[in-house]
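# Breakdown of the fold
Each chain, written out:
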There are 2 protein chains.
Amino acid sequence: MRTIVALPLLALVAASPAKKPPTPNDIVAASPASAWKTIPADDLLVMDLASGGRVVIQLAPAFAPVHVANIKALARGGYWNGATVYRVQDNYVAQWGLNESDKLWPKGVTAKPPPEYTRPLKGLDVRPLGYADPYATGAGFVDGWPVAYSLKGGWADLTHCYGYVGVGRDLSPDTGTGGELYAVIGHAPRHLDRNIALVGRVVEGIERLSSLPRGTEALGFYKDKAQYLPIASVRVVSDMPANERPSYEVMDTASATFARYLRVRANRHDDFYIRPAGGVDLCNVQVPVRKKT
Amino acid sequence: MRTIVALPLLALVAASPAKKPPTPNDIVAASPASAWKTIPADDLLVMDLASGGRVVIQLAPAFAPVHVANIKALARGGYWNGATVYRVQDNYVAQWGLNESDKLWPKGVTAKPPPEYTRPLKGLDVRPLGYADPYATGAGFVDGWPVAYSLKGGWADLTHCYGYVGVGRDLSPDTGTGGELYAVIGHAPRHLDRNIALVGRVVEGIERLSSLPRGTEALGFYKDKAQYLPIASVRVVSDMPANERPSYEVMDTASATFARYLRVRANRHDDFYIRPAGGVDLCNVQVPVRKKT
């Protein structure tokens, strides 16, 4: 028996090709089902463009409950039927909504939401990034979301990473109602953190916004209304017919798989890399999201 | 005399409107001419798209001298006449060149350049960023360029910020010749730092690359050659007729104006901001560049 056991072991070692260091994508591809969490249909927003494309947004009610409730009420009230993308500023944001319309708010919209720019840190299961953050004393992940935080200040906030969605507003104390939204389409403008209500992130179709022509007016507003990109509809996925609902999963940032993914994002040893960075910035981690159906 | 001196001072305080904290743009607008340096015409590359748009690149010979010399030789030899943008990967890069052509290198091209991924730190006048960098122990600015550096390692490297241009390559030890170039069109992919030769940055027209349709093949390659964006010509500005040469200035990162600009980028006190960040990441500083003629 011993020889039988020993031989296959030796043979295995001898025959096995040198094991290649994994890429982040390899880790995602090999991840167990337990490393993923399904996004609730009630936290998904589908924006269908009149031209045919679709942008899907995961809402973050735990970070901005009143603004997110407003956004659902706006979608359910048909507020964005006939809305447009009217501002695209290079390396900054694409913004949509009604742009200074006097259309009435649908039922259930809070006209003056509180400044949901941070939430209490206490009780949150933060998985630290493990590397320095230029904008806060702490950075890490809470339930699938990148956050900056302060132990001393006792707060955590969602961060302005690529594809993240925030609420346009005028000067403070206005916090924006949620009718005008933007998505980040460039390098993370993290100076906006803690100054704006972030309400979620694009999980599909960000390229439909990031590849739009840039507006030539100040701040990237389109010069002519003819340039506005029409939005056909914005719906909450839980309101869609069951057989039409798209479904997505987010990697559980408390999982061992995510810890491994993060480690590899910071230390690439696969063939292309000569010098692993030995670090990664919060917004370059890119929490994996995948389409289920 | 004392009262005369005292009165105007008091009057000034009383009559002066509350001084508004400046935005970064305010500082650029009010900057003295001495805070700027003209980019030498020999360090500027003009890429004219067949569709009519123009992309202008400032080369960085101090960081990658052999690769930059190659790029000038390629431009002068007409290598990119008939080249295309053939890869656009969302939140990553737009890449152009001949894509696996067997066209011969023009005269003066070094076929196997050395790995110009870092340069010696010694002797460089580095102006520190002043905030943590997740990728290196030091970050700052050298002669108008953002750099990461290591005192212990004795090196400095140009960083993969938005709009920065690098040399496509295969697996190491290949360093790329310069015929295939890419520009960053998303969040800074700084894991590429010290693994690729960075050769400059786009100073005009990055939006012509960042707003292109994304390629649907792996890594953002266009599926059909019909999607390739044709390049009419790539020229070194010093080779252009004198009356056609565009000219640009970069803010002197050793100037007091830049120090002030950096301080305000990290601490926005203008009306929109409620909580200044108290920090800024290297790639979000965005060294000011402006067109002169």
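Everything in this summary refers to the structure shown in the same document. Along each chain, residues carry numbers from 1 onward, in the same order as the chain's sequence is written. Lettering for chains starts from A, numbering for ligands starts from 1, and both go in the order in which the items are written. In view of the model being predicted, local features appear only for residues whose pLDDT reaches at least 70, and side-chain atom pairs are presented and counted only at 80 or more, with totals across whole chains, interfaces and linings using the full set of residues. Hydrogens and water are ignored here; the side-chain numbers use all heavy atoms of the structure.

## Description of the packing of aromatic side chains
Side-chain rings of Phe, Tyr and Trp, where Trp is taken by its six-membered ring, are said to pair if the distance between their centres is within 6.5 Å; with planes under 30 degrees apart they count as stacked, over 60 as edge-to-face, and otherwise as tilted. Scanning the entire structure with this criterion turns up 18 aromatic pairs over all chains. The interplanar angle of 25° and the centroid separation of 5.3 Å between the aromatic rings of Tyr79(A) and Trp105(A) together place this pair among those described as stacked. Residue Tyr79(A) is found in the loop between helix H3 (65–76) and strand S4 (84–88), and its partner Trp105(A) is found in the loop between strand S5 (93–97) and strand S6 (119–120); the two are separated by 26 residues along the sequence. For every residue, the accessible area (1.4 Å probe, protein chains only) is compared with the maximum for its type, and the residue is labelled buried under 20%, exposed over 50%, or partly exposed between those bounds. The class for Tyr79(A) is buried, based on a relative accessible area of 3%. A residue is classified by how much of its surface remains accessible, and Trp105(A), at 38% relative accessible area, is partly exposed. With a centroid separation of 6.4 Å and 70° between ring planes, the pair formed by Phe63(B) and Trp145(B) is classed as edge-to-face. With Phe63(B) in the loop between strand S3 (54–59) and helix H3 (65–76) and Trp145(B) in strand S9 (residues 145–150), this pair connects stretches of sequence that are 82 residues apart. A run of H or I in DSSP becomes a helix once it reaches four residues, and a run of E becomes a strand once it reaches two; helices and strands are each numbered from the N terminus.

## Digging into the pairing of strand S12 (residues 181–184) of chain A
Across a regular strand the side chains alternate sides, sitting on one face of the sheet and then on the other. Residue and element names in this part refer to chain A. Alternating residues of S12 divide into Leu 181 and Ala 183 and Tyr 182 and Val 184, and every residue in both groups is buried. Bridge count between strand S11 (residues 164–167) and S12: 3 bridges; the pairing is antiparallel. Pairing of Gly 166 across the sheet is with Tyr 182, part of S12. Paired strands are those between which DSSP finds at least two bridges.

## Overview of the relation of the copies chain B and chain A
Note on the copies: chain B fits chain A at an RMSD of 0.0 Å, the axial shift is 0.0 Å, and the rotation between them is 180°. Both copies of the chain, as the preceding transformation shows, are related through a two-fold rotation axis. Taken as a fraction of all interface residues of chain B, those also at the interface in chain A reach 100%, which identifies the copy contact as same-surface. Copy-to-copy alignment: least squares on C-alpha atoms, limited to residues at pLDDT 70 or above in both. Should any heavy atoms of two residues lie within 4.5 Å, those residues are counted as being in contact.

## Focus: the interface of chain B and chain A
Where interface size is given, it is often the accessible area lost as the parts come together that is meant. Facing 48 residues of chain B, the contacting portion of chain A comprises 48 residues. The quantity reported as buried area is the accessible area (1.4 Å probe) lost by two parts once they are put together, taken as the sum for both. Between chain B and chain A the total buried area reaches about 4,100 Å² when both faces are included, carbon and sulfur atoms providing 54% of it. Contact with chain A buries area across many residues of chain B, yet His187(B), Phe272(B) and Arg275(B) alone supply 18% of it, more than any other trio. Whenever a carboxyl oxygen of Asp or Glu lies within 4 Å of a side-chain nitrogen of Lys or Arg, that contact is scored as a salt bridge. Here chain B and chain A share 0 salt bridges between them.

## Observations concerning the side chain of Asn195(A)
Examined against the element boundaries, Asn195(A) turns out to sit in the loop between S12 and strand S13 (198–204). Excluding anything up to four places from it in sequence, Asn195(A) contacts Tyr117(A), Arg169(A), Tyr273(B), Ile274(B) and Arg275(B).

## Side note on the pairing of strand S8 (residues 138–142) of chain B
All names here are of chain B. The buried fraction of S8 is high, at 5 of 5 residues. Residue alternation in S8 divides its side chains into two sets, Gly 138, Gly 140 and Val 142 and Ala 139 and Phe 141, and both sets are buried. Where strand S7 (residues 127–128) and S8 come together, 2 bridges link them in antiparallel fashion. By the bridge assignment, Arg 127 is partnered in S8 with Phe 141.

## Focus: the state of the cysteines
Residue and element names in this part refer to chain A. What counts as a disulfide here is a pair of cysteine sulfur atoms lying within 2.5 Å. If you walk through the whole model with that rule in mind, you get 2 disulfides over all chains. Two residues, Cys 161 and Cys 283, share a disulfide whose sulfurs are 2.1 Å apart. Judged by the torsion about the S-S bond (-75°), the Cys 161/Cys 283 disulfide is left-handed. In this pair, Cys 161 is assigned in the loop between strand S10 (155–158) and S11 and Cys 283 in helix H6 (residues 282–285), connecting sequence segments 122 residues apart.

## Some remarks on the environment of Asn70(A)
All names here are of chain A. Mapped onto the elements, Asn 70 comes out in helix H3. Residue Asn 70 is classed as buried on the basis of its relative accessible area of 0%. Each C-alpha atom, one on Asn 70 and one on Leu 181, is 12 Å from the other, the two residues being 111 residues apart in sequence. Counted as a polar contact is a pair of N or O atoms within 3.5 Å, where, for protein atoms, one must be capable of donating a hydrogen and the other of accepting one, and residues adjacent in sequence contribute only when both atoms are in side chains. Polar side-chain contacts of Asn 70 include one of 2.7 Å to the backbone nitrogen of Thr 110.

## Some remarks on helix H5 (residues 256–266) of chain A
Looking only at H5(A), the buried set comprises Thr257(A), Phe258(A), Tyr261(A), Leu262(A), Val264(A), Arg265(A) and Ala266(A). Check the buried side of H5(A) and you find it contacts helix H2 (24–29), strand S7 (127–128), strand S8 (138–142), strand S15 (248–251) and H6 of chain A.

## Details of the environment of Gly205(A)
Residue and element names in this part refer to chain A. Examined against the element boundaries, Gly 205 turns out to sit in the loop between S13 and helix H4 (206–210). Note: C-alpha distance between Gly 205 and Glu 249 (44 residues apart in sequence) is 15 Å. Here Gly 205 is in contact with Arg 54 and Val 55, once residues within four sequence places are set aside.

## With respect to the sheet that holds S10(A)
Residue and element names in this part refer to chain A. Read across the sheet, 5 strands follow the order S6-S10-S9-S8-S7 without closing on themselves; strand pairing throughout is antiparallel. Each end of this open sheet is capped by a strand with a single partner; those strands are S6 and S7. Relative to strand S9 (residues 145–150), S8 runs antiparallel, the two sharing 5 bridges. Note on S9: the bridge partner recorded for Ala 139 is Ala 148.

## A short note on the pattern of salt bridges
As a working rule, side chains carrying opposite charge can pair if their charged atoms are close by. Overall, the coordinates contain 32 salt bridges over all chains when judged by the stated rule. We note a salt bridge from Glu249(A) to Arg290(A), for which the minimum N-O separation is 2.8 Å. You can see Glu249(A) sitting in strand S15 and its partner Arg290(A) sitting in strand S16 (residues 289–291), a full 41 residues away along the chain. Looking at Glu249(A), the relative accessible area reads 11%, which means it is buried. Look at Arg290(A) and you get partly exposed, because its relative accessible area is 31%. Between Arg127(B) and Asp125(B) there is a salt bridge whose closest N-O contact spans 3.0 Å. One network of salt bridges, in which partners are shared, links Asp42(A), Asp43(A), Lys72(A), Arg76(A) and Asp239(A).

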